[in-house]
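So you can see what is in the structure, the chains are spelled out below.
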Amino acid sequence: MRGDDAIAIVEVRAGADRARLFAGIPVVFMSVHRAPMARLPMPADVTGTWLSVDWAGTVDAALRLQPQIRQVLVLGGASSRDEIWLANARSQLTPYQNRLSITYLAAPSRPQVPRTVAMLPDDTIVLVGTMHRDATGQNFATRDAIGRIVKESRVPVYGVLESLLGTGIVGGRVLSPSADGE
């Protein structure tokens, strides 16, 4: 499988081997990005849950907690999955551009991130999703990457994944894989 979870579903659903290997067996998927799948027909025996990341809700929560915020730094990785997450963030956060300065830092190298977040002004927050790979091609676990960011950041770091709780993020409108699975 490649890095994008949606590709795996497409391969199972549309691949010639599905009829031979999985004839009559329904496919259930979980937390798949809708956009990459939109152009493909969905067979009747394929169902599941779409990924619903609430970037806008997280910014709204941050603004309620910190009304002085004027800037948002959105961090993401370089993997195909990371790129989809950042595209989703850009789409959801476009309406905020008239009142906040939003900067996207995609695929920063590991050494670049601590320097960047250590110098942010007080009226800024950091917003993170997934970070599976950096610009140098180094792979890492999102939780580990975010833990490092939180340690170096002089401003609050908000996240959109339940699995990031406990790393030092403030929180946000987090996506819960366990709730999605239910």
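Everything numeric here is computed off the predicted structure, so don't read it as measured data.

Asker: Before we move on, could you go through the side chain of Thr142 and cite the residues and values that matter?
Answerer: Relative to the helices and strands, Thr142 is located in helix α7 (residues 142-152). At a separation of 3.0 Å, a polar atom in the side chain of Thr142 contacts the main-chain amide nitrogen of Met131. The contact partners of Thr142, leaving out residues within four places of it in the chain, are Gly129, Thr130, Met131, His132, Leu161 and Leu164.

Asker: Give a detailed account of the pattern of salt bridges, specifying residues and quantitative values.
Answerer: Enumeration over the complete set of coordinates arrives at two salt bridges. One salt bridge connects Arg173 with Asp54, and the closest N-O pair in it is separated by 3.3 Å. Here Asp54 lies in the loop between β2 (46-50) and α4 (55-65) and Arg173 lies in the loop between β6 (157-159) and α8 (177-181), a separation of 119 residues in the sequence.

Asker: Describe the packing of aromatic side chains, naming the residues involved and giving the relevant values.
Answerer: In the structure shown here, the tally under the stated rule is one aromatic pair. Here the aromatic rings of Trp55 and Trp85 are separated by 6.3 Å at their centres, their planes lie at 80°, and the arrangement is edge-to-face. Here the residue Trp55 occupies a position in helix α4, and Trp85 occupies one in helix α5 (residues 80-93), the gap between them amounting to 30 residues. By relative accessible area, Trp85 is classed as buried at 6%. The ring of Tyr104 has Arg90 sitting right over it, with the charged end atom 4.2 Å from the ring centre.

Asker: For the environment of Val27, give the residues involved together with the corresponding values.
Answerer: Following the sequence through the fold, Val27 ends up in strand β1 (residues 27-32). Put simply, Val27 and Asp45 are 18 residues apart on the chain and 6.3 Å apart in space, counted from C-alpha to C-alpha.

Cut-off values and rules
- Residues numbered from 1 in each chain as written.
- Predicted model: local features only at pLDDT ≥ 70, side-chain atom pairs only at ≥ 80, totals over all residues.
- Heavy atoms only, no water.
- Helix = DSSP H or I, 4+ residues; strand = E, 2+ residues; numbered from the N terminus.
- Polar contact = N/O pair within 3.5 Å; in protein donor to acceptor, adjacent residues only side chain to side chain.
- Contact = heavy atoms within 4.5 Å.
- Salt bridge = Lys/Arg side-chain N within 4 Å of Asp/Glu carboxyl O.
- Phe/Tyr/Trp six-rings, centres within 6.5 Å; stacked < 30°, edge-to-face > 60°.
- Buried < 20%, exposed > 50% of the residue type's maximum accessible area, 1.4 Å probe, protein only.
- Lys NZ or Arg CZ within 6 Å of the ring centre and 35° of its normal.

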